[in-house]
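Residue strings, one per chain:
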Amino acid sequence: MAKQYETVIGLEVHVELSTKTKIFCGCSTAFGGAPNTHTCPVCTGMPGSLPVLNKQVLEYAMAVGLATDCAITRYCKFDRKNYFYPDNPQNYQISQLYLPICKNGKVEIETAEGKKTVGIHEIHMEEDAGKLIHDEWEDCSLVDYNRSGVPLIEIVSEPDMRSAEEVIAYLEKLRMILQYLGVSDCKLQEGSMRADVNLSVREAGTEKFGTRTEMKNLNSFRSIKRAIEGERERQIELLEAGREVLQETRRWDDNKEESYAMRSKEDAQDYRYFPDPDLVPIVVSDEWIDEIRSRQPELRSEKMERYKREYDIPDYDIDIITGSKHMADIFEATVAISGQPKKAANWLMVETLRLLKENDMEPEDIRFSPENLAKLIKLTDEKVINSSVAKEVFEVMFDRNINPQVYIEEKGLKTVNDQNALRKTVEEVIEANPRSVEDYLNGKEKAIGFLVGQTMKAMQGKADPGMVNEILKLMLRNK
Amino acid sequence: MDILKWTATELAAKIKNKEVTVMEAAQAVLDSIEKKERHYNCYITVDNEGIMKRAEDIQRRIDSGELTGRLAGVPVAIKDNMCTQGMLTTCASRMLGNFIPVFSSEAVLNLEKEGALIIGKTNMDEFAMGSTTETSAYGETKNPWDESRVPGGSSGGSAAAVAAQECFFALGSDTGGSIRQPASYCGVVGMKPTYGTVSRYGLIAYGSSLDQIGPISKDVTDCAAILEVLASHDKKDSTSIFRNDTDFTSALIEDVQGMRIGIPKDYLGEGLDAEVKEAVLRAAQVLKEKGAVVEEFDLSLVEYAIPAYYTIAAAEASSNLERFDGIKYGYRTRDYEGLHNMYKKSRSEGFGAEVKRRIMLGSFVLSSGYYDAYYLKALKVKALIKKAFDEAFSRYDLILGPVAPTTAPRLGESLADPIKMYLGDIYTISVNLAGLPAMSVPCGKDSQGLPIGLQLIGNCFQEKKIIQAAYTYEKARGVFGTPTAEKEKV
């Protein structure tokens, strides 16, 4: 019988924090911007410049630590990681090695296999590097330091995961925590969340870990899943062939869907880490931790519990809505204005999800305001517009966040409630469709549907179909 | 009227009293530079074009009552490792031969706020690494007392410029004695304040945890006045300390009655030149006669200070100097193939031998497998040295000793044997390791007429005790003289 293998996976997740300014200077962290416009002497490594820690970065890191059950390091320091590369203006990165801000935490994940705890080894703070642009045409390289000094935290897990599903569940869980804390937008594609996968395999039942590799350049859940599966197979093949797995760093090629070795353990650089003498040690008091804890926002699991208590909506809806902090925020604000949790949930669950899917958008990209959604709900409730007009209006709102009240006035979409006008149209429809009238009078109940449709069409949709139905029945009875 | 003979505070007072103008003072300095620079080479850059215009501007602001500072209008020289906006800042290295900073260091800004007139940038050992100012890429500075000798270092250009009356005072930086030792060799006053007292923002770092900017001046009064202007709490420097006791001139009091002064026996032992020892003990005797209680004691650990210092300073330097890679500013080699070749050639050609030696030493002590044995151990020694000083300061107000084992060596003597040169820092470097303030005051000359410095060391934040004792000593000592005066005698 073939040997059974177990995959052992640990993750290093880099998260860009959404502070307004950089970690060691006052420059903007805004994405985009002309090259080297969000820079100053500090983040371009000018001689004589000195770093000063952005307190917000520290508090965000502590908030993440508290949300993942970590111990907060009371005496913490920054270290310099020395390596030469042009995207790194000082040729050292300010990071944390010896005394990281958070240690020994955990998060709970859930997969088809059930619940499981994944340990957090540590969380440390560091600065991001700039961006190199290789101009093949001019045969030169340019460097943009806008990203240099943007704050990052690196969340290092224990090697507790055993499958791609667990890895995805862990990443989703982290993303939820970070988004709910409001410390990062966690967009893999834009690089504000990046995961490196450490993977080894071992024969099922053995204690000893196999030799691991580190996989870099994974920028979607899909590529993470493919890379894990591919690397597991590659390592098993090596072992089956009686060969060794080499400890190395590999790079994932998303187009070819395969990885290649970047550097082996032997040519690993010596980073010569040492405490940065330009930054003083940080002493964290109990009071400070308590203050951060008291400011922690409601996390997803707490929100789900509360929705169950407060709103009469299905668990499935709660799961979807709280799956995005942004969507949950819109939901709650809409409910607060309209007092209609079920209707608010329906708009999000049906029309919003459909439009997001059609437009290939994420829930984070939702642009319409809760105020406008609440207005739309009210307009429908009060039968100012009918449901099909409401859907039309919603599509425009989804696209441009228009005020539905103003929009329907401008476009004249209000339902016509004038009985005489309706009656006149109905008469015309009856005149024009003798076959259907006859069918109806001969007992074909369904034929009335066609007549309602024709009337609605003639009214350009601006009628209450219920009212049309009633008038039709009344007038046909008199035939 | 010999303007150049005045001290900085005297000149400022006379400018204020309209006895002399800022332009006249500036012209006197420019004339002095013109006459002496070819002998001494104190400066790397003199702002010949800009200085008169700035002098006029300062004069106007003094006349309008806008500038009332105690250094208003006084010409000052800045060590070339402090950034000056728009003015070449080289660190005496080929690496920064074309570097013009986009901002000024906080210490320079503090001087400018007070109305001081920046003349130019002084020569130094490359990146402040050296004890002689001979490692400069712009030629060595010569000691104005004897041109065949070094001025000391690394702030040799600053100390020599003050001694040669090519400025009224200067800024130096002190990582292991780089202010005090050249001050001692050049017969001027130099002070390294408590770590954190003067902002390091804009000081191009050598050993960040040890570097501190301080004044080099003609006398103790100037020293106190300048330090008062330099000291500030700077939010741009995380290691800057808020102090509300920086009114240093209030300590210019002629009184050491009952002051307890300890002389470490370790500072008087083997290796100390007999004439230096005699002069230092004579100075101690003067303070004793003025009422101080002076005694010898065992400081301990002195022999570990040099290896600990060279480990820590080199480690920090190896990292601090990584940014000089030829990419963003500074020197880039002409021909190269690929990135790594460019790094290698730019740095090999841009840095001098002493800088490379320390980068290699520092990289070694931080490398994996050696970190614990060297760097961590050095940090432990540093902590023990601090403890030894704490212990000493529980018994003494001040510690007194020599600044350097000898007077200024001859040019070319020191670099041949770097270990010997490093050992010359023995009395100054513990002060940096412990973050303490210390001053060098001229206390005599040897048989060849070379100045000898007396070192007064205080506990952290006790600059005032140092100033008070130094001021009392200086009054008792009388006029020390200048090389110009000596030469005029002949």
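My aim in this report is to walk through the structure given alongside it, one point at a time.

What chain B contains, in helices and strands, is 16 helices and 11 strands. What you see for chain B is a C-alpha radius of gyration of 21 Å, in line with the 23 Å of a compact globule of 490 residues. Summarising its shape, the C-alpha atoms of chain B cover approximately 65 × 55 × 45 Å along the three principal directions. The buried share of chain B, reckoned over its 490 residues, is 61%. Residue pairs in contact within chain B that sit at least 24 positions apart in sequence constitute 76% of those at least 6 positions apart.

Residue and element names in this part refer to chain A. A sheet is described by the order of its strands in space; here 3 strands give the open sequence E5-E4-E15, paired in antiparallel fashion. Every other strand in the sheet has two partners, leaving strand E5 (92-95) and strand E15 (274-275) as the edge strands with one partner each. Pairing of strand E4 (residues 79-82) with E15 involves 2 bridges; the strand directions are antiparallel. Bridge pairing links Arg 80 to Phe 274 in E15.

Moving on, we get to the sheet that holds strand E11 (residues 193-203) of chain A. Residues and elements named next belong to chain A. The strand order across the open sheet formed by 9 strands is E2-E6-E7-E10-E1-E11-E12-E13-E14, and the pairing between neighbours is mixed. Each edge of the sheet is formed by a strand with only one pairing partner; in this case those strands are strand E2 (71-72) and strand E14 (258-264). By the bridge criterion, 7 bridges tie strand E7 (residues 114-127) to strand E10 (residues 151-157) in an arrangement that is antiparallel. If you follow Ile 123 over to E10, its bridge partner there is Ile 155. Strand contacts of helix H2 (residues 164-181): strand E1 (5-16), strand E6 (102-111), E7, E10 and E11, with the helix running at about 115° to E6, the strand carrying the most contacts.

Counting residues at the interface gives 31 residues for chain B, matched by 23 residues for chain A. For the side of chain B that touches chain A, the secondary-structure elements that each account for two or more residues are helix H9 (302-320) and helix H11 (353-366) of chain B. Here the element with the most residues in the side of chain B that touches chain A is H9(B); it accounts for 3 residues. Each residue belonging to the side of chain B that touches chain A can be placed in one class, and the counts come to 12 nonpolar, 10 polar and 9 charged.

To continue, consider the environment of A:Phe274. Relative to the assigned elements, A:Phe274 resides in strand E15. The buried category is assigned to A:Phe274, around which 25 C-beta atoms lie within 10 Å. Setting aside its immediate chain neighbours within four residues, A:Phe274 contacts A:Asp79, A:Arg80, B:Ala315, B:Leu366 and B:Tyr375.

What counts, and at which threshold
Residues numbered from 1 in each chain as written. Chains lettered and ligands numbered in written order. Predicted model: local features only at pLDDT ≥ 70, side-chain atom pairs only at ≥ 80, totals over all residues. Helix = DSSP H or I, 4+ residues; strand = E, 2+ residues; numbered from the N terminus. Rg over C-alpha atoms; globule rule 2.2 N^0.38 Å. Buried ≥ 20, exposed ≤ 12 C-beta atoms within 10 Å, placed from the backbone. Contact = placed C-beta atoms within 7 Å. Pairing = 2+ DSSP bridges. Axes fitted to C-alpha atoms, helices over the stretch in contact; angles between N-to-C directions. Nonpolar A, V, L, I, M, F, W, Y, C, P; charged D, E, K, R; others polar.

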